[in-house]
Amino acid sequence: MSGAWSRFAAPAIVGLVVLAAWEIAVRTGGVPPYILPGPLLIARTLVADWGTLAPALVATLRIAALALLAAVVVGVALAVLFTQSRWLERSLLPYAIVLQVTPIVSIAPLIIVWANDVTLSLLICAWIVAFFPILSNTMLGLNSVDHNLLGLFQLYGAGRWRTLLHLRLPAALPYFLGGLRISGGLALIGAVVAEFVAGAGGSGSGLAYRILEAGYQLKIPRMFAALVLISAAGIAIHLLLAALSHLLLRRWHDSEAGRAL
Amino acid sequence: MSEVRAAPAGAIALRGVDKTYANGTRAIDGVSLEIAAGSFVSVLGPSGCGKSTLLRMIAGLIVPTDGRIETGARGREIGFVFQEPTLLPWATAEANVALPLRLMGVDAADRRERARQMLARVGLEGFEGAWPRELSGGMKMRVSIARALVDRPRVLLLDEPFAALDEIARHRLNADLLDLWRETGVTVVFVTHSVFESAFLSQRIVVMSARPGRIVADLAVDTDQTRDEAFRTSPAYGATCRRVSDALREAMAA
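Residues numbered from 1 in each chain as written. Chains lettered and ligands numbered in written order. Predicted model: local features only at pLDDT ≥ 70, side-chain atom pairs only at ≥ 80, totals over all residues. Heavy atoms only, no water.

S.K.: Mind laying out the pattern of salt bridges, listing which residues take part and the relevant values?
M.R.: Residues and elements named next belong to chain B. The full count for this structure, using the stated rule, is 19 salt bridges over all chains. For R15, the salt bridge is made with E34, and the minimal N-O distance between the two is 2.7 Å. In this pair, R15 sits in strand β2 (residues 12-20) while E34 sits in strand β3 (residues 26-35), placing the two residues 19 residues apart along the sequence. Salt-bridge contacts for R15 lead to E70; the nearest nitrogen and oxygen are separated by 3.2 Å. (Salt bridge = Lys/Arg side-chain N within 4 Å of Asp/Glu carboxyl O. Helix = DSSP H or I, 4+ residues; strand = E, 2+ residues; numbered from the N terminus.)

S.K.: Can you tell me about the interface of chain A and chain B, naming the residues and giving the values?
M.R.: On the side of chain B, 24 residues touch chain A, which itself brings 20 residues to the contact. Between chain A and chain B, a total of about 2,100 Å² is buried, with carbon and sulfur atoms accounting for 68% of that surface. A per-residue breakdown of the area chain A buries against chain B is headed by L155, Y156 and W252 of chain A, which together make up 36% of the total. If you look at where chain A meets chain B, you find 3 residue pairs in polar contact (both at pLDDT 80 or more). When contributions to the side of chain A that touches chain B are tallied by element, the ones reaching two or more residues are α7 (147-155) and α8 (160-198) of chain A. Along the lines of polarity and charge, the residues of the side of chain A that touches chain B split into 11 nonpolar, 5 polar and 4 charged. (Contact = heavy atoms within 4.5 Å. Buried area = accessible area lost by both parts, 1.4 Å probe. Polar contact = N/O pair within 3.5 Å; in protein donor to acceptor, adjacent residues only side chain to side chain. Nonpolar A, V, L, I, M, F, W, Y, C, P; charged D, E, K, R; others polar.)

S.K.: Just give me the short version of the confidence of the model for chain B, but keep the residues and values in it.
M.R.: Residues and elements named next belong to chain B. When pLDDT is averaged along chain B, the result is 86, and 94% of the positions lie at 70 or above. Between the elements of chain B, mean pLDDT differs from a low of 46, seen in strand β1 (residues 2-5), to a high of 94, seen in strand β7 (residues 155-159). Every residue in residues 1-5 is under pLDDT 50, and counting partners more than four places away or in other chains gives 16 contacts. (pLDDT = per-residue confidence, 0-100.)

S.K.: Could you give me a rundown of empty space enclosed by the protein, with the residues and numbers involved?
M.R.: Residues and elements named next belong to chain B. Tallied over the full model, the rule gives 2 cavities of 30 Å³ or more. Reported here for the largest cavity is a volume of approximately 40 Å³. As for the largest cavity, its lining consists of V122, R142, I145, L173, D176, L177 and L180. The set of elements that each furnish at least two residues to the lining of the largest cavity consists of α4 (137-149) and α5 (167-184). (1 Å grid on protein atoms, 1.4 Å probe; cavity = no way out; pocket = protein on both sides within 12 Å on 5 of 7 lines; lining within 4 Å. Points joined across faces, edges and corners; volume = space filled by probe spheres on them.)

S.K.: Before we move on, could you go through the side chain of T60 of chain A and cite the residues and values that matter?
M.R.: Relative to the elements of secondary structure, T60 of chain A occurs in helix α3 (residues 50-84). If we skip the residues at most four places from it in the chain, T60 of chain A touches L188, A191, V192, E195, G206 and L207 of chain A.

S.K.: Now, about a nonpolar patch on the surface: what can you tell me, with residues and values included?
M.R.: Residues and elements named next belong to chain A. Residues L81, L88, L92, Y95 and V98 make up a contiguous nonpolar surface patch of roughly 460 Å² in combined accessible area. Ranked by residues supplied to the nonpolar patch, first place goes to helix α4 (residues 86-101) with 4 residues. Relative to the helices and strands, Y95 resides in helix α4. For Y95, a relative accessible area of 57% translates into the label exposed. (Patch = residues over 30% accessible without salt bridge, like charges linked within 9 Å, V, L, I, M, F, W, Y side chains within 5 Å. Areas by Shrake-Rupley, 256 points an atom, 1.4 Å probe, with all protein chains shown as cover. Buried < 20%, exposed > 50% of the residue type's maximum accessible area, 1.4 Å probe, protein only.)

S.K.: Tell me about the pairing of β3 of chain B, and please be specific about residues and values.
M.R.: Residue and element names in this part refer to chain B. Where β2 lies against β3, 6 bridges are found, and the strand directions are antiparallel. Within the sheet, the bridge partner assigned to K19 lies in β3 and is I28. Following β2, the chain reverses through 5 residues before pairing antiparallel with β3; G24 in that reversal takes a positive phi of roughly 95 degrees. (Pairing = 2+ DSSP bridges.)

S.K.: Tell me about helix α2 (residues 39-48) of chain A, and please be specific about residues and values.
M.R.: Residue and element names in this part refer to chain A. For α2, the set of buried residues is P39, I42 and T45. Buried residues of α2, viewed axially, fall in a sector of 120 degrees; they line one side. For α2, exposure combined with an orientation more than 90 degrees from the buried face picks out R44, V47 and A48. (Arc of directions from axis to C-beta.)

S.K.: Explain the nonpolar core to me, using residue names and the numbers behind them.
M.R.: Counting 97 residues, the largest nonpolar core has L135 of chain A together with L14 and L157 of chain B as the members making the most contacts within it. If one sorts the elements of this core by residue count, helix α6 (residues 118-143) of chain A sits on top with 14 residues. For L14 of chain B, the residues in contact, after removing those within four places along its chain, are V31, S32, L33, L54, I58, R68 and I69 of chain B. By size, the runner-up hydrophobic cluster in this structure holds 53 residues, among which are M118, M141, L165 and F231 of chain B. (Core = buried A, V, L, I, M, F, W, Y, C linked by side-chain atoms within 4.5 Å.)

S.K.: Run through unusual backbone geometry, naming residues and quoting values.
M.R.: Note on backbone geometry: most residues besides glycine have negative phi, and most peptide bonds are trans. Residue and element names in this part refer to chain A. With phi around 60 degrees, N116 is a residue other than glycine that occupies positive phi space. With respect to the helices, strands and loops of the structure, N116 is situated in the loop between α5 (104-115) and α6. According to the relative accessible area criterion, N116 is exposed, its value standing at 68%.

S.K.: Run through the environment of I28 of chain B, naming residues and quoting values.
M.R.: Residue and element names in this part refer to chain B. You can see I28 is positioned in strand β3. In this structure I28 comes out as buried when scored by relative accessible area, which is 0%. Put simply, I28 and V122 are 94 residues apart on the chain and 34 Å apart in space, counted from C-alpha to C-alpha.

S.K.: Outline the sheet that holds strand β9 (residues 204-209) of chain B, supporting the account with residue identities and numerical values.
M.R.: All names here are of chain B. Judged by pairing direction, the sheet is mixed, and its 6 strands sit side by side in the order β6-β7-β8-β4-β9-β10 without closing on themselves. Every other strand in the sheet has two partners, leaving β6 (78-81) and β10 (214-220) as the edge strands with one partner each. Mean inter-strand twist for the sheet, computed between neighbouring axes without regard to direction, equals 15 degrees. Where β6 meets β7, 4 bridges bridge the pair, whose relative direction is parallel. In the sheet register, V81 faces β7, and the bridge partner there is L158. Packing against the sheet, α5 makes contact with β4 (40-44), β7 and β8 (187-192), and its axis sits at approximately 135 degrees to β4. (Axes fitted to C-alpha atoms, helices over the stretch in contact; angles between N-to-C directions.)

S.K.: Please set out the packing of aromatic side chains residue by residue, giving values where relevant.
M.R.: The geometry of an aromatic ring pair is captured by the separation of the ring centres together with the interplanar angle, meaning the angle of the planes. What the rule picks out here adds up to 10 aromatic pairs over all chains. With a centroid separation of 5.5 Å and 75 degrees between ring planes, the pair formed by W252 of chain A and W90 of chain B is classed as edge-to-face. With W252 of chain A in the segment after α10 (220-249) and W90 of chain B in the loop between β6 and α2 (93-103), this pair bridges two chains. A relative accessible area of 10% means that W252 of chain A is categorised as buried. By way of ring pairs, the aromatic residues F40, F162, W181 and F190 of chain B are connected into one cluster. (Phe/Tyr/Trp six-rings, centres within 6.5 Å; stacked < 30°, edge-to-face > 60°.)

Right under this line is the structure:
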């Protein structure tokens, strides 16, 4: 009872108090909506502009989801390769790190020029931002196997493949899921940032473009409405991945065992 | 030169075995030891005397620097129990016991049947579906022993398996291990630093000195008496403990 209270009611009350204070401040201070709209106006705009914002939300989420999927595939594949071959790790890991530390805004224009396709270039940008936590966490997990268990597998004549399948991969799962939760948020950020840089308009454009567009047109409440949607999408991704983590680990891993969803 | 060659089924022979690690540490120095098939031998010594190294070399997990090790058992015919239960945390007790069979490609139905039988043998009937984190330390060790015995190995190697358990659990596991040994006829090599444990369990106690590990005493234990709880207060047990303690003291002084 007190657990559910502190998990849901407490943050909800904090949120409501902040929103109420915001609304009161905007009204009593006479702040014009083009400087700072109140939460009620933002909510009304969200409803009124839903026809424009909903497809933009879908477009952004689509890029984020595809980028996350690509990050999982490439990140896990590289992690497995790197832990199987020290040579591959030494040759390629530095470049993965270069990719990670390069600010995405500084290479996004190049990628947009090279990819020559808006969706593909957004996808590549979001993928670059999202893939490294999955790679590094999964590598850590694959290398964190109990050495006695490795000895046991050796004793029973399990080769590389069986050791990977029955020992290293399951042992890496909690680490991978930790990386996935970080990458989920990053994929969304990557998708939004890349679209800001691309500035691509049109019917298939995402939330970032709607924010830019609203800014040019001084439709500040719409800007805020789009921002609310991005935050909501981020929270939804986080909850979804947390639920996935709970589902996969609750029976055996200390991080999730004994916790309610 | 080192090699592993066949000895009679279940027997183990070490001939002039040395082990020097890459960092220069001499772990084992000229150990020769013959262990008869079906016997229960304890290897006793202070921490750092290379007992674990010796056991791992018998299992083939470490290669000796010099000398020969002959075992009448290869790979999966050896069961190994570590100091920690070393279970897969993502697998149930039954799946953990079935692991060796799974790695050998035994089919699922057969695996399940044999794992269940083995769990019942170590007193864990009804815990087939339990996860390691739900089990006590003693129960986890029972699962670990069941896993080591599930494929009916000829040789069972135990590396201080009960060191982390409380005395009550340790005494019960000692008695149960003896039962399993008698029932299966497996050759047991039991590494311990406990004089009392070795005196209670073994037919023979090999005492090692520390750094580098050498055999300093090889004691036969009177085997006529029944090893039950009454044995723990018997004069024969007391005398064995005394002999082993003396040998260990000499080993540590050496």
